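# Structure at a glance
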Amino acid sequence: MGDMANSTVDFYPKNQRRELNHAGGFGCTLSELRSLMELRGAEAIQKVQEAYTDVSGLCRRLKTSPTEGISDNTADLEKRRQIYGQNLIPPKKPKTFLQLVWEALQDVTLIILEIAAIISLGLAFYAPPGEESEACGNVASGGENEGESEAGWIEGAAILLSVICVVLVTAFNDWSKEKQFRGLQSRIEQEQKFTVIRNGQQVQIPVSELVVGDIAQVKYGDLLPADGVLIQGNDLKIDESSLTGESDHVRKSVDKDPMLLSGKQQDGAVENNQNKAKKQDGAVAMEMQPLKSAEGGEMEEREKKKTSVPKKEKSVLQGKLTKLAVQIGKAGLVMSAITVIILVLYFVIETFVIAGRTWLAECTPVYVQYFVKFFIIGVTVLVVAVPEGLPLAVTISLAYSVKKMMKDNNLVRHLDACETMGNATAICSDKTGTLTTNRMTVVQSYMGDTHYKEAPDPSNLTPKTLDLLVHAIAINSAYTTKILPPEKEGGLPRQVGNKTECALLGFVVGLQRDYQPVREQIPEEKLYKVYTFNSVRKSMSTVTCMPDGGYRLFSKGASEIVLKKCTNILNSNGELRSFRPRDRDEMVRKVIEPMACDGLRTICIAYRDFPAGKEPDWDNENDIVIDLTCIAVVGIEDPVRPEVPDAIRKCQRAGITVRMVTGDNINTARAIAAKCGIIQPGEDFLCLEGKEFNRRIRNEKGEIEQERLDKIWPKLRVLARSSPTDKHTLVKGIIDSTIGDQRQVVAVTGDGTNDGPALKKADVGFAMGIAGTDVAKEASDIILTDDNFSSIVKAVMWGRNVYDSISKFLQFQLTVNVVAVIVAFTGACITQDSPLKAVQMLWVNLIMDTFASLALATEPPTEALLLRKPYGRNKPLISRTMMKNILGHAVYQLTIIFTLLFVGEVFFDIDSGRNAPLHSPPSEHYTIIFNTFVMMQLFNEINARKIHGERNVFNGIFGNPIFCSIVLGTFGIQIVIVQFGGKPFSCSPLNTEQWLWCLFVGVGELVWGQVIAAIPTSQLKCLKEAGHGPSKDEITDEEMAEDEEEIDHAERELRRGQILWFRGLNRIQTQIRVVKAFRSSLYGGLEKPDTKTSIHNFMTTPEFLINDYIHNIPLIDDTDVEESECPPRRCFRASPPPSPNKNNNAIDSGIYLSTVVSKTPTSSSSPVSPLHSMETSL
C-alpha cells in the first residue's frame, strides 16, 4: 500500500505535498479531512474525485482496506490517535472542592449568621471605657468576673466554626454526588459500542476507541459515533435534523452524497442500510474519521453545542418539596422577625421606660451588644426553621437509590425517573425480549400443502422447494445475522443479530442444509436492491440478478401482509399452483390462526421472478413486491421469560396496570398475554389490533379524540399489530386523560428506533440495554441492562422507597422544626433569652438536617412497598398519619422542655438559668434542657423510620448500617459536647443522675410513639395534609416564569437542590400575579412531562451542561416531537418558542395523522411520511 500512497502524490498541489510528512506517513492531514467533512452532496463527491480519485483512493491514503479494515496493532492505532486525535469530547473539568465550598457559602441564612457572628466578635473585643459606671445600670453587671468577660468572643467564634462545619458537610455531599454522576456518565459512555472491521474481523469497540481509517458497520437505528464517508450501503437514510433542522431523512449513497456526520440519528431512518459486512466483501463500510480531536476539533465543538438548553423541569417530588420549603421558610422568617422585635422591645421598655434610664453615649456598645445577641437569636430561629436538609435528603436518597439500582440492572440516566417510577400507575411493555426471552425458534411450518407440527424431515420436501427456501432465508436476511456454535459444550447455538432471522437460519440448519455457501456465492455487494424491514412495511425484500439476466426477488414478513401479495403457492411437488383470495382465507383459518393461538409469530416466505429484458422501476415498491409465490409459512416461538408472570402479578398487586403493545398478530399477542398473566380468563378486557384501535379513537375527520380514547384505554390490555405511532398515541392518550381522580403516570419499555417518540412522551422510558438501539437508549430515562421485565418491578420498588425515605425525613425534620422554633420563640419572649443557644441550635440543625437525611434517606426498600397502591401525582407529601405523628411528638417534646424550663431547677435542685445577664457562665439548667432536647430527637429519629403508622419501629433497623452508625455517632458527639463543650457550646458538665434523666425522657419518645400509633387517624378529621403538588394553574405559570427568566449562568450554577427560599418567595409572588393575568382556558390544566435531554447533559445537573448553546437553530427537541407529528402542515420555526405551552396547542387542536395515510405514499422520497417525522429526535 505504501507505493500506492506515493503514486497518488501527483494529484497534490505543491503546498500539500509538504503536509504529507506532517501526517506522519498518512496521505491526508487533519485539516484536509476536516474541510472535506464540511462539504455535502455533489461538492463532496467532486472534492473526493479531485483529491483522491474515489473513496477507495481515500482508503489507500489512510492506509486502510475497505474489506479488511485497519490492522489491530496498537502502535498503528496509537500513531493514528496522535496524528488525528481521539474520538472523544474532553470532559468538562469537575468543580474543585473549594468551588463547592464557595457555593455552599452562598446560602443566605448562613451569610446572615456569619455577619452577626463577626459583629458579635468585634464587640466582644471592644471594651467600653464606661464599663464600670453605674450609669448603664445592672445591665452589664451580674455574675461577671474578670475571666468571664474575656470569654465574650467565644460565642461569635463558635458560630463561625459551626457555619464552617455546615458548609464543609454540604460541599462534601455535593462533591460525592458529582463524583457518582461522573462514574455513571462514564459507565453510560462505555456502554456505547460500535462494530468496526479490523484485520477482516468484525469487532465491537467502545466509541471512544475509534480511529481515523476504521471501517465501521452501520445498522438500522445506530447513532453515528464519528464523521465518515460511505463506502457501500443499501437504501440508507439519515436523520440530520439536529444539524440542518430539516426533519426529512436524507438519503445517502456512494455516488450522490457519501458524507455521514456524527451525532446524527443514524438511519434513524425508516429505511436504512443493512450494512452487512462479511469477511470477504467489504460491506457497508464507512470510513470513520474521528474528527473529535482533543487538540482542535472545532467541528465537534459546534456539533455538541447544538443540544438545546434543558428547561429546568422540576420533578413531581421536587415541585412539592420546593413548595413546602418555601412555606416553612416563610413561617420561620415571620417567627424569627417577631422574636427579634419582642426581645428588642422588651429590653428597651425595661431599661429605658421602667428603670427610666437615659441612653448614655458610653453605654452604647453595651446596648449594641445586647441587640446583636437578640439578632443572633433571631437568626438561629430562622436557621432551625428553614429545612435546608430537604434538597440534601432528596439528593442523597436519589443518588443512593441510583447506585443500588445498578445492582438491580437499572441504569438510571435521569435522576427524577427513579422517583417518578414509584408513582407509576401504568406500564406499556413491548413483548419481544422484555416479556419473552428473545431466543426464537421455528416450531411449526407449512410447506408443500402440509402443516408440520415439528421440524420436517428434509427427505419429505422436494429439492426445488428446499433449495428455494434455503436461498430465500440465507439471502433475504441481514448478513450480520448468524448462528454460531455454542460457547460451552452442549449449550445452545449462539444467535447473533436479528433474532427472528436467527430462528429462520436455525430452521435451515435443522433441515440439514448450510446457509453460508449460499451467502458466499452471492456476497452482499452483489445484492441488486434491498427493501429493508421497517415498522410500516412489516416485511423485507431482496432482489438478486439471475444468470439469464432476469431478477429474482425474495420476500419475507408478517404472514397476513405477505400472503395478501401472493398469487401462487408451491404445492407438494414443488410446482406453482394459483392461490386465490378464498384459498388465502382458508389458509389463515386452518394454518395461521391455530399457530397464532399457540402464541407463535407467523412469518411467510415468498419469491417472485422478473424476466430478462426491460428492467422494472425498482423505486415503485408497490408494483415490485406483488404477484409473489408463497414458499412456506413458519411459526416462530419466543418463550415467555420464567420470571415474568410473577413480576406482573407483583405489579398488579401494587396497583400498576400492565399493558402489552406489540407488532405481533392479535392471536399470538393474546396467547402470550395470557401466559404472562396480563389477561386472566373470564375478565372483560380489550385486546385490539392497531387498525381497530385507530378506528375507535378517531372521528370522521381522522383526528384523535380524547373522549373516545378515554372510553378505551382503561380496559385495553393488549394492542397488537401496532405501529410506533399507535404506541405514542396510546401513551399520550393515557397521560393526557382526565378521567379518574389522578393523572396517570405511565412507564414505557422499548428497544427499537421507532419506540423513541413513545419513550420520550412517557413519564419514564425504559430502554433495553442489550437489544435496544442507540436511539431508544437516548430517548429513555432508565436502561434495563438485562432487558428483563422483572427489573422494572425493582425500579418501582426503589422509586417508592425514595418517596418514603423523603417522607420519613420530613416527619423527623418537621417535628424538630416545630419544637425548636416554638421553644426559641416563647423562651425569648418570656425569659428574654432563648433556652437553646445559637451554637446549640446549629448543632441540632446539623443533626436533623445533614445526619438525619443521610440516616433516613438510605433505608433499603422492602417487598412490603409493593403491597400498596401508587401515591399518584397529587398526593400530599405529608399524609394525615404523618401530621398526627409530627404534632403528637411535638406536644410531648414541648411539654417536657417547658416543664424543665420553668420548674427544672426545683426538680433537679440546681440554680435557675433564667434571666442570666450577658456573658454569664453556662448553667446546668439550660444544659439539661439542651441535652434532653437532643436525646428526644435521637429517639424520635427511630420513630421516624415508619410513616404508615406501623407499630414495630425497629423492624429491619440492622439492615441499615448507615442509620445505626449515625445514631450512635451523634450520641457520642453529644456526650463530648455536654461534658467538654464548655463556654463555646454554653454547656456545663452534667452528673450521671442528670444524664440518666435525659436518657429516660428520650426513651419516653418511643413509648409515646406507640401511644400515638394507637390513635386511629380516621378520628382526627381536623388534621390537614400538607405539601401538595403544585396545582394545575401554577404549573403552567411556573413554566412561563421559568421561560421568561432566561436561565442565566448564576442561576445555573446554583446547586440544583439548594432552595434559596427567599428567591422562591419573590417567584411565587410574581407567579401569583402572572396567574391572575393569564388565567385563560388556554393554559388551564396543562402538564408537561419531564423534559429529557440528551445523554450529554446527563442528569441535567449544572455541572454537566455544555455552556454556550447556539439558540437560533430550529432544534427538534422533545417539545417539538409533538409538533413534528403534523407533516400535513410543515411546522418548522426558526427560533425556540417563548413558552412550551404554544406547542401543546397543536395537540389540543388535534392535528393528527390517521394511520390510513401511511398506505398511500406521499412522495417517492419518503414513502412513509407520517412516520418519519415521528422518529425520535435528539
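As a starting point, this report considers the structure included with it. (Residues numbered from 1 in each chain as written. Predicted model: local features only at pLDDT ≥ 70, side-chain atom pairs only at ≥ 80, totals over all residues. Heavy atoms only, no water.)

### Let's talk about the packing of aromatic side chains
In total, this model carries 18 aromatic pairs according to the counting rule given. For the pair F347 and F374, a centre-to-centre distance of 5.8 Å together with 65 degrees between the ring planes defines the contact as edge-to-face. Of the two residues, F347 is situated in helix α13 (residues 316-354) and F374 in helix α14 (residues 364-385); the sequence distance between them amounts to 27 residues. Judged by its relative accessible area of 8%, F347 falls in the buried class. Considering the side-chain rings of F352 and Y367, the 5.3 Å spacing of their centres and the 80 degrees angle between planes classify their relative orientation as edge-to-face. (Phe/Tyr/Trp six-rings, centres within 6.5 Å; stacked < 30°, edge-to-face > 60°. Helix = DSSP H or I, 4+ residues; strand = E, 2+ residues; numbered from the N terminus. Buried < 20%, exposed > 50% of the residue type's maximum accessible area, 1.4 Å probe, protein only.)

### Description of the sheet that holds strand β24 (residues 716-720)
Strand order in this open sheet of 8 strands is β9-β27-β26-β25-β10-β22-β24-β23, and the pairing throughout is mixed. Two strands lie at the open edges of the sheet, namely β9 (410-412) and β23 (686-689), each paired on one side alone. Between one strand axis and the next, the sheet turns by 20 degrees as a mean value, whatever way the strands run. Both strand β25 (residues 746-750) and strand β26 (residues 764-768) contribute to a ladder of 4 bridges, which runs parallel. Note on β26: the bridge partner recorded for G750 is A767. Relative to β23, helix α25 (residues 690-697) is tilted by about 100 degrees, and along the sheet it contacts β23 and β24. (Pairing = 2+ DSSP bridges. Axes fitted to C-alpha atoms, helices over the stretch in contact; angles between N-to-C directions. Contact = heavy atoms within 4.5 Å.)

### Structural notes on unusual backbone geometry
Phi is positive for Q512, which is not a glycine, with a value near 60 degrees. Checked against the element boundaries, Q512 lands in the loop between α18 (499-510) and α19 (516-521). Of note in the backbone geometry, D627 takes a positive phi value of approximately 55 degrees without being a glycine. Mapped onto the elements, D627 comes out in the loop between α22 (621-624) and β21 (628-637).

### Concerning the pairing of β24
Most of β24 sits inside the fold, with 5 of its 5 residues counted as buried. Bridging between strand β22 (residues 657-661) and β24 involves 2 bridges; their strand directions are parallel. When the bridges of β24 are listed, M660 appears paired with V718. Pairing geometry for β23 and β24, over 4 bridges, is parallel. Note that in β24 the partner of E689 across the bridge is A720.

### Brief notes about the environment of I592
Secondary-structure assignment places I592 in helix α21 (residues 581-597). Judged by relative accessible area, which is 3%, I592 ranks as buried. Residues I592 and S445, spaced 147 residues apart in sequence, show a C-alpha to C-alpha distance of 9.8 Å. Contact partners of I592, with chain neighbours within four places excluded, come to S559, L563, M587, T602, V633 and N665.

### What to know about the nonpolar core
Core analysis: the largest hydrophobic core is formed by 140 residues, its most contacted members being M421, F766, F789, L810, I878 and F930. Ranked by residue count, the leading element in this core is helix α30 (residues 789-831), at 20 residues. Those residues in contact with L810, other than ones at most four positions away along the chain, are L321, L324, L390, L877, I878 and M882. Counting 37 residues, the second-largest nonpolar core is a separate cluster that includes V442, Y479, I605 and V634. (Core = buried A, V, L, I, M, F, W, Y, C linked by side-chain atoms within 4.5 Å.)

### Section: the packing of α21 against helix α24 (residues 666-676)
One can describe the packing of α21 onto α24 by two numbers: an axis separation of 7 Å at closest approach and a directional angle of 20 degrees. Compared by their axis directions, α21 and α24 come out roughly parallel. Seen from α21, the contacting residues are E593, A596 and C597; seen from α24, they are N667, T668 and A671. When its residues are assigned to classes, the contact of α21 with α24 shows 3 nonpolar, 2 polar and 1 charged. (Parallel < 35°, antiparallel > 145°, perpendicular 65-115°, else oblique. Nonpolar A, V, L, I, M, F, W, Y, C, P; charged D, E, K, R; others polar.)

### What to know about the pairing of β21
Most of β21 sits out of view: 9 of its 10 residues are buried. Pairing analysis gives 6 bridges linking strand β11 (residues 441-447) to β21, with the strands arranged antiparallel. Bridge pairing in β21 links Q444 to G635. Looking at chain direction, strand β18 (residues 566-570) and β21 are connected through 3 bridges and run parallel. Within β21, the position partnered with I569 by the bridge is C630. Sheet topology places strand β20 (residues 600-610) next to β21; 8 bridges connect them, and they run antiparallel. Paired with C604 across the bridge in β21 is V633.

### Some words on the pattern of salt bridges
If you walk through the whole model with that rule in mind, you get 30 salt bridges. A salt bridge links R601 to D664; the nearest nitrogen and oxygen atoms lie 2.8 Å apart. Pair noted here: R601 is in strand β20 and D664 is in the loop between β22 and α24, with a separation of 63 residues, a long-range link. Here D804 and R868 are joined by a salt bridge, their closest N and O atoms 3.5 Å apart. Taken together, the residues span a long stretch of sequence, with D804 in helix α30 and R868 in the loop between α31 (838-857) and α32 (880-908) at a distance of 64 residues. The exposure classification of D804 matches that of R868, with both residues buried. (Salt bridge = Lys/Arg side-chain N within 4 Å of Asp/Glu carboxyl O.)

### Describing a nonpolar patch on the surface
On the surface, F97, L161, I164, L168, F172 and W175 cluster together to form a nonpolar patch covering roughly 570 Å² of accessible area. Here the element with the most residues in the nonpolar patch is helix α10 (residues 153-191); it accounts for 5 residues. Structurally, the position occupied by F97 is in helix α7 (residues 97-104). (Patch = residues over 30% accessible without salt bridge, like charges linked within 9 Å, V, L, I, M, F, W, Y side chains within 5 Å. Areas by Shrake-Rupley, 256 points an atom, 1.4 Å probe, with all protein chains shown as cover.)

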